[in-house]
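Chain by chain, the residues run as shown.
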Amino acid sequence: MHSDIEDTNSGWKNTVFRILLVTTTLAISAYLIGLIFWPIGFIAWLIIGVGGTLFFIVRQHARNTVYRCVECNNEFKISALIDFFSPHTPNSKYLKCPKCNKRGWQIEIG
Ligand SMILES: [Zn+2]
């Protein structure tokens with residue numbers, strides 16, 4: 001049986017590995033597409049590459065982060081899409097609680 005600490009560590013290694021994989025794939029594809037379709041290929045790659053990487057990081061963040069409602073103390077997770085578009089500070093985020101439906105600066109706890 002895994003402990004929580006081991007799961008967190010393997011999760012991190014997995015994340016780092018996938019970021020490296022994505023970065024390598026992006027670098028190779030940028031080289032090929034950039035050469036063949038210059039400069040439009042390069043611009044398209046930049047948009048897809050940067051957008052994809054950003055979405056990947058946000059998705060990873062949403063999956064690992066739990067928020068606590070300031071109104072009712074309900075703990076909940078959010079989707080990557082909501083994570084991406086909601087305003088936030090380093091330790092809180094402006095969200096609607098799924099339990100009491102009140103909007104507020106919910107505390108990031110996970
Ligand atoms: Zn609530």
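On a predicted model such as this, the values are computed, not experimentally measured, just so you know. (Residues numbered from 1 in each chain as written. Predicted model: local features only at pLDDT ≥ 70, side-chain atom pairs only at ≥ 80, totals over all residues.)

A. Seen up close, the sheet that holds strand β5 (residues 103-108). Read across the open sheet, the five strands follow the order β2-β1-β5-β4-β3; overall the sheet is antiparallel. Single-partner strands in this sheet number two, and they are β2 (75-76) and β3 (88-89). Bridging between strand β1 (residues 67-68) and β5 involves two bridges; their strand directions are antiparallel. Bridging across to β5, Arg-68 finds its partner in Ile-107. (Pairing = 2+ DSSP bridges. Helix = DSSP H or I, 4+ residues; strand = E, 2+ residues; numbered from the N terminus.)

B. Geometry of unusual backbone geometry. Here the phi dihedral of Asn-73 falls at roughly 65°; this positive angle occurs in a residue that is not glycine. Its location among the elements puts Asn-73 in the loop between β1 and β2. With phi around 60°, Asn-101 is a residue other than glycine that occupies positive phi space. Relative to the elements of secondary structure, Asn-101 occurs in the loop between β4 (92-96) and β5. Judged by the 10 C-beta atoms lying within 10 Å of it, Asn-101 is exposed. (Buried ≥ 20, exposed ≤ 12 C-beta atoms within 10 Å, placed from the backbone.)

C. Representation of the environment of Arg-59. With respect to the helices and strands, Arg-59 occurs in helix α2 (residues 40-64). The exposure class assigned to Arg-59 is partly exposed, which follows from the 15 C-beta atoms found within 10 Å. The spacing of Arg-59 and Tyr-31 is 28 residues in sequence and 26 Å in space, taken between C-alpha atoms.

D. Summary view of the pairing of β4. By the bridge criterion, two bridges tie β3 to β4 in an arrangement that is antiparallel. Bridge pairing links Thr-89 to Ser-92 in β4. Of the strand pairs in this sheet, β4 and β5 are connected by five bridges, and their pairing is antiparallel. Bridging from a neighbouring strand, Lys-96 pairs with Arg-103 of β5. Where β4 folds back onto β5 in an antiparallel hairpin, the turn is made up of six residues, including Asn-101, whose phi is positive at roughly 60°.

E. Inspection of the nonpolar core at higher detail. Residues Tyr-67, Cys-69, Ile-78, Leu-95 and Cys-97 constitute the largest nonpolar core, which totals five residues. The contact partners of Leu-95, leaving out residues within four places of it in the chain, are Tyr-67, Ile-78, Ser-86 and Gln-106. (Core = buried A, V, L, I, M, F, W, Y, C linked by C-beta atoms within 7 Å. Contact = placed C-beta atoms within 7 Å.)

F. Local environment of the domain arrangement of the chain. Domain annotation for the chain reports domain 1 (1-64) and domain 2 (66-110). Inter-centroid distance (C-alpha atoms) of domain 1 to domain 2 is 25 Å. Counting residues at the interface gives six residues for domain 1 and six residues for domain 2. (Domains from an automatic or database assignment.)

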